[in-house]
Amino acid sequence: MIERTYSGKPPKTKLPKGATDTQMHMYLPGYPALPGGPPVPEGTPGPAEYRKVMDWLGIDRVVITQGNAHQADNACLVASLAEMGDCARGVAVITGETNGKEMQRLSDAGVRGARIMDLPGGAIGLSGLKAVDKKAHDHGWCVAVQFDGSNLLDHMPLLQSVTSRYIIDHHGKFFGEGKPGRAEIDAVKSLIERGNCWFKFAACYESSKDGGPAYEDIATVARELAAYAPERIIWGTNWPHNLAKTTEDYPNDAALVDTVLSWVREEDLKTILVDNPAELFGF
């Protein structure tokens, strides 16, 4: 059985008051996995465990993202938001068929975003982005978009058409054989320049080819984008690190905080950790 760590020596990086984890998943008992997605993580880590992590790392606010295990059923997400209270907001799975009453119910529960996951196990992929974008825009939500960044240039017309505020998730997830080059980095910058695109630092270990502890390939892109547009960068823990299957593979969250936030100028920490998430998620 995997043993997760929820406390320990705090990170050397002191997070500012209001620091927000914009990428994590939460699981409550009684919400089994649905067909099409991965299993619920072993041990079902939930609110009690996450509150320990908040205390350990210095996190004050959280954005709970609908886990792939629950596909398009947002019941566990809504219940998790109720458990966490005012410090939490949510990113749900919706479609073009989600009606106004359901959108309002989710908004009332604390949902402020919709999830596009164009990778295996995702509930709604890029083919659903236009319809989801319209629903999100009409309700003042943002859209978190995750895909294989190796194909970013192919997706530029679609991304340029998005009307909502949206987030390129998980460091862009450049899974291809080569590391992201100048064309891909400049493409991200051009999307940011359009005024409604953010870039999320989360789960560097999922797509890094160089690996830890430095994740230098991810760091190179992250440093450049953070210096270029700190007002468009957000950060998340990716807790409880669903791809980790053994205790040995489970990341040290404090060490990850120090590594990832070292790619950001100290004077930009409040902007990235507090101000940007407040703007996107309505804290």
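An account of the accompanying structure is given in this report. (Residues numbered from 1 in each chain as written. Predicted model: local features only at pLDDT ≥ 70, side-chain atom pairs only at ≥ 80, totals over all residues. Heavy atoms only, no water.)

## Notes on the environment of Thr237
Consideration 1: Within the secondary structure layout, Thr237 lies in the loop between β8 (233-235) and α9 (253-261).
Consideration 2: The class for Thr237 is buried, based on a relative accessible area of 6%.
Consideration 3: When the C-alpha positions of Thr237 and Cys204 are compared, they lie 9.7 Å apart, and in sequence the two are 33 residues distant.
Consideration 4: When near neighbours in sequence (up to four residues on either side) are disregarded, Thr237 contacts Asp21, Gln23, Met24, Leu57, Ile59, Tyr205 and Asp253.
Consideration 5: In this structure the side chain of Thr237 is engaged in a polar contact, spanning 2.6 Å, whose partner is the side chain of Asp21. (Helix = DSSP H or I, 4+ residues; strand = E, 2+ residues; numbered from the N terminus. Buried < 20%, exposed > 50% of the residue type's maximum accessible area, 1.4 Å probe, protein only. Contact = heavy atoms within 4.5 Å. Polar contact = N/O pair within 3.5 Å; in protein donor to acceptor, adjacent residues only side chain to side chain.)

## What about the pairing of strand β1 (residues 20-24)?
Consideration 1: Among the 5 residues of β1, 5 are classified as buried, and the element is accordingly described as predominantly covered.
Consideration 2: Pairing of β1 with strand β2 (residues 61-65), which is carried by 3 bridges, proceeds in the parallel orientation. Within β2, the position partnered with Asp21 by the bridge is Val62.
Consideration 3: Crossover β1 to β2 through helix α1 (residues 47-57) is right-handed. (Pairing = 2+ DSSP bridges. Right-handed = clockwise from strand over helix to strand, strands pointing away.)

## Comments concerning the sheet that holds strand β4 (residues 111-117)
Consideration 1: Overall, parallel pairing links the 8 strands, which are arranged β1-β2-β3-β4-β5-β6-β7-β8 in an open sheet. Strands at the two margins of the open sheet, each flanked by one partner only, are β1 and β8. Averaged over all pairs of adjacent strands, the angle between strand axes in this sheet comes to 25 degrees, irrespective of strand direction.
Consideration 2: Bridge count between strand β3 (residues 88-92) and β4: 3 bridges; the pairing is parallel. Looking at β4, one finds that Ala92 is bridged to Ala114.
Consideration 3: Across the sheet, helix α2 (residues 75-84) touches β2, β3 and β4, and the angle it forms with β3 is around 175 degrees. (Axes fitted to C-alpha atoms, helices over the stretch in contact; angles between N-to-C directions.)

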